[in-house]
Amino acid sequence: MKFLLDHDVPEDLSYLLEHLGHEVTLLRNAIPRDSTDDEVLRFAHADACILITCNRNDFLRLASQLPHHGVIIVIRRRTRASERAALFQLLERAGESGIRNNVNFA
């Protein structure tokens, strides 16, 4: 799968995804940092990426209004290891068919 990591997502999640064989783009390497949330979701859609973000409220709303290939909202936890574990469990449990074109929480 192809993933786009929003600015607010810990970069170490990209290492997990790459280790699992996924393609990862960091948003800051793709579009300007001051891009609006709808520009971010449009970019992810145009590039056929699943967006990973911690910005729950804005992207829940936008995902109901704009086309997307999937959104994963990472819930902040006490440790980065817990966040990585939650993302890994989501990928294992849902698989591509459960993630693509859906909104999921990790």
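The structure contained in this document is the topic of the report that follows. Treat the numbers as computed from the prediction; the structure is a model and nothing was measured.

**Regarding the overall build of the protein chain**
Helix and strand content of the protein chain: four helices and five strands. Along the protein chain, from the amino end to the carboxyl end, the secondary structure elements read β-α-β-α-β-α-β-α-β. Its C-alpha atoms give the protein chain a radius of gyration of 12 Å, near enough to 13 Å, the size a compact globule of 106 residues would have. Looking at the protein chain as a whole, 43% of its 106 residues are labelled buried. Contacts in the protein chain between residues at least 24 apart in sequence constitute 54% of all its contacts with a sequence separation of at least 6.

**Details of helix 4 (residues 80–99)**
With 20 residues, helix 4 should reach 28 Å at 1.5 Å per residue; the first-to-last C-alpha distance of 21 Å falls well below that figure. A maximum bend of about 65° is found in helix 4 at Arg93. Of the positions making up helix 4, those classed as buried are Glu83, Ala86, Leu87, Leu90, Leu91, Ala94 and Ile99. Where helix 4 is buried, its residues meet strand 1 (2–5), helix 1 (12–19), strand 3 (50–53), strand 4 (71–73) and strand 5 (103–105). The positive-phi residue at the C-terminal boundary of helix 4 is Asn101, with phi of around 65°.

What counts and what doesn't
What you see as residue numbers is a count from 1 along each chain, following the sequence as written. With pLDDT at 70 or above as the cut-off, local features in this predicted model cover only qualifying residues; side-chain atom pairs require 80 or more to be listed or tallied, and sums for whole chains, interfaces and linings still use all residues. Only heavy atoms go into the side-chain values, all of them from the structure, while hydrogens and water stay out. Helix and strand assignments follow DSSP, with helices taken as H or I runs no shorter than four residues and strands as E runs no shorter than two, numbered in order from the N terminus. Radius of gyration here uses only the C-alpha atoms, and the compact-globule reference equals 2.2 Å multiplied by the residue count raised to the power 0.38. Burial classes follow relative accessibility: with a 1.4 Å probe on protein chains only, a residue under 20% of its type's maximum area counts as buried, one over 50% as exposed, and anything between as partly exposed. Contacts are residue-level and defined by heavy atoms, with any inter-residue pair within 4.5 Å sufficient. A helix is expected to reach a length of 1.5 Å times the quantity of its residues less one. Values of bend correspond, residue by residue, to the angle between axes fitted over the seven residues ending at that residue and the seven starting there.

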